[in-house]
Amino acid sequence: MADKNDIGKTGEPFVMPIEWGKVREFARAIKDPNPLYFDREQARQQFGEVPIPVTFLMTSAFWQDERSMPAVSFDLSRVLHGEQEFEFFKPIRVGDVLTGRTLVADVYERQGGRGGTMTFTVLETTYTNQNGEKVAVARSVIVETGTRG
Amino acid sequence: MSCKLKFDQVNEGDELPPLTLTNVSRMDFVRYAGASGDFVPLHYDQTFVEFAGIPTVFAQGMFTAGVLSRCVTDYVGVGQVRRFKVRFTARVWPGDTITCRGRVTKKYRTEAGEGRIEGDLEVVNQKGEAVIRGSFVAAVG
């Protein structure tokens, strides 16, 4: 279970190239037919390159490993994805090579509705691009549901 | 950039055009698992979920959030979203119909003069239950 001592722990940086095939596959999976993801010529005229869908940084799952995740032990039988947030500072496009680093930004507790304590862990991944510019921050709130005592 | 929405065209209280997805299916969850890399078996492995005491597999929250994100980009344009936040409030099951909707709550200019809107977002199922509540911030031209 995560606890307050985990706040501030970071994983190793990971590299995430933005690939057109993956963008197309992801857009199809979220049922978004916007031609900017599928028609590269149109995207190049409008954006310079194919842009990413808003929630595409979820695919960092393919580039992260045990070393890039902060050393927090979750009780996987009680874990839920409670919230997700993305903030964008600069465009992210196909051909960019992002570097992400994940931090335990916060751990806090709340009383669960049916008794027991729920633990909330905020994992914050900051992405910079190949030019060293901060492009995005992704925040996941992981909830460990309470054990009824 | 692909800014569809002009600052002068949008007003606080405006509703985003809703987006409805009927008959959400197991194939949708499998496709999202492969595309996103979220291979938590709760979303595709019937044997696993029954062992866990859950009647059927259910959607990844981020599948539904992805569909919701399209509701925002269809409105403001791709590349315009500055913040997107969701909280998962209920599960989405195979066969469900989900409707994504939103409303502009605030319109302003940043110190740099960029037009911005903020809004609330919601995804509801066919019973009217909220499965996601969220919010967004977007740049408008």
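In what follows, the accompanying structure is described.

Conventions adopted
Residues take numbers from 1 onward in each chain, read along the sequence in its written order. For naming, the first written chain is A and the first written ligand is 1, with later ones following in the order written. Selection of residues for local features in this predicted model requires a pLDDT of at least 70, selection of side-chain atom pairs for listing and counting requires 80 or more, and totals for whole chains, interfaces and linings are taken over all residues. As a rule here, side-chain values come from all non-hydrogen atoms in the structure, and water together with hydrogens is ignored. The axes are straight lines fitted to the C-alpha atoms, using for helices just the contacting stretch, and the angles between their N-to-C directions are given from 0 to 180°. Helix and strand definitions here come from DSSP, where helices need a minimum of 4 consecutive H or I residues and strands a minimum of 2 consecutive E residues; each element is numbered from the N-terminal end. Each angle is binned into one of four classes, with values under 35 degrees roughly parallel, values over 145 roughly antiparallel, values of 65 to 115 roughly perpendicular, and all other values oblique. Handedness of a helix crossing follows the sense of rotation of the near helix relative to the far helix, less than a right angle counterclockwise being left-handed and clockwise being right-handed. In what follows, a contact means two residues having at least one pair of non-hydrogen atoms within 4.5 Å. We call Asp, Glu, Lys and Arg charged. Ala, Val, Leu, Ile, Met, Phe, Trp, Tyr, Cys and Pro are nonpolar, and the rest, Gly among them, are polar. Each reported salt bridge corresponds to a side-chain nitrogen of Lys or Arg within 4 Å of a carboxyl oxygen of Asp or Glu. Exposure categories follow from relative accessible area, calculated using a 1.4 Å probe and restricted to protein chains: below 20% of the type maximum is buried, above 50% is exposed, and the middle band is partly exposed. Paired rings are identified among Phe, Tyr and Trp, the last through its six-membered ring, by centres lying within 6.5 Å, and are further divided according to the angle between planes into stacked (under 30 degrees), edge-to-face (over 60) and tilted (the rest). A ring has a charge above it when a Lys NZ or an Arg CZ is no more than 6 Å from the ring centre and no more than 35 degrees off the ring normal.

Some details on the packing of helix α1 (residues 20–29) of chain A against helix α1 (residues 26–36) of chain B
Running from N to C, α1(A) and α1(B) point in directions that differ by 155 degrees, and their axes come no closer than 9 Å. Relative to α1(B), the element α1(A) is oriented roughly antiparallel. Here the hand of the crossing between α1(A) and α1(B) comes out left-handed. Listed contacts from α1(B) to Lys22(A), Glu25(A), Phe26(A), Arg28(A) and Ala29(A) of α1(A) are Arg31(B), Tyr32(B), Gly34(B), Ala35(B) and Ser36(B). Along the lines of polarity and charge, the residues of the contact of α1(A) with α1(B) split into four nonpolar, two polar and four charged.

Here we look at the environment of Pro94(B)
Residue and element names in this part refer to chain B. Position of Pro94 among the secondary structure elements: in the loop between β2 (81–88) and β3 (98–109). For the pair formed by Pro94 and Ser36, sequence separation is 58 residues and the distance between their alpha carbons is 19 Å. Setting aside anything within four residues of it in sequence, one finds Pro94 in contact with Val24, Arg26, Phe29, Thr56 and Val57.

Here we look at the pattern of salt bridges
Residue and element names in this part refer to chain A. Going through the model one piece at a time under the given rule, you end up with 19 salt bridges over all chains. Where Asp6 meets Lys9, a salt bridge forms, and the shortest distance between an N and an O atom there is 2.7 Å. With a closest N to O distance of 3.5 Å, Arg139 and Glu85 form a salt bridge. You can see Arg139 sitting in strand β5 (residues 134–144) and its partner Glu85 sitting in strand β2 (residues 79–88), a full 54 residues away along the chain. The buried category is assigned to Arg139, whose relative accessible area is 19%.

Things to note about unusual backbone geometry
In this model, Lys31(A) sits at a positive phi of 65 degrees, which is unusual for a non-glycine residue. Relative to the elements of secondary structure, Lys31(A) occurs in the loop between α1 and α2 (35–38). Positioned with a positive phi, Asn23(B) is a non-glycine residue whose angle comes to about 50 degrees. Summarising the element assignment, Asn23(B) is placed in the loop between β1 (15–21) and α1.

Re the packing of aromatic side chains
Evaluated as defined, the whole model comprises eight aromatic pairs over all chains. Taking the centre distance of 5.6 Å and the plane angle of 65 degrees together, the rings of Phe58(B) and Trp93(B) count as edge-to-face. With Phe58(B) in the loop between α2 (46–51) and α3 (61–76) and Trp93(B) in the loop between β2 and β3, the pair connects residues that are 35 residues apart, well separated along the chain. Trp93(B) sits in the partly exposed class, given a relative accessible area of 27%. Taken together, the ring pairs connect Phe26(A), Phe56(A), Phe29(B), Tyr32(B) and Phe63(B) into an aromatic cluster. Positioned over the ring face of Phe7(B) is Lys107(B), at 4.4 Å from the centre of the ring. Positioned above the aromatic ring of Phe7(B) is the side chain of Arg109(B), whose terminal nitrogen or guanidinium carbon lies 3.9 Å from the ring centre.

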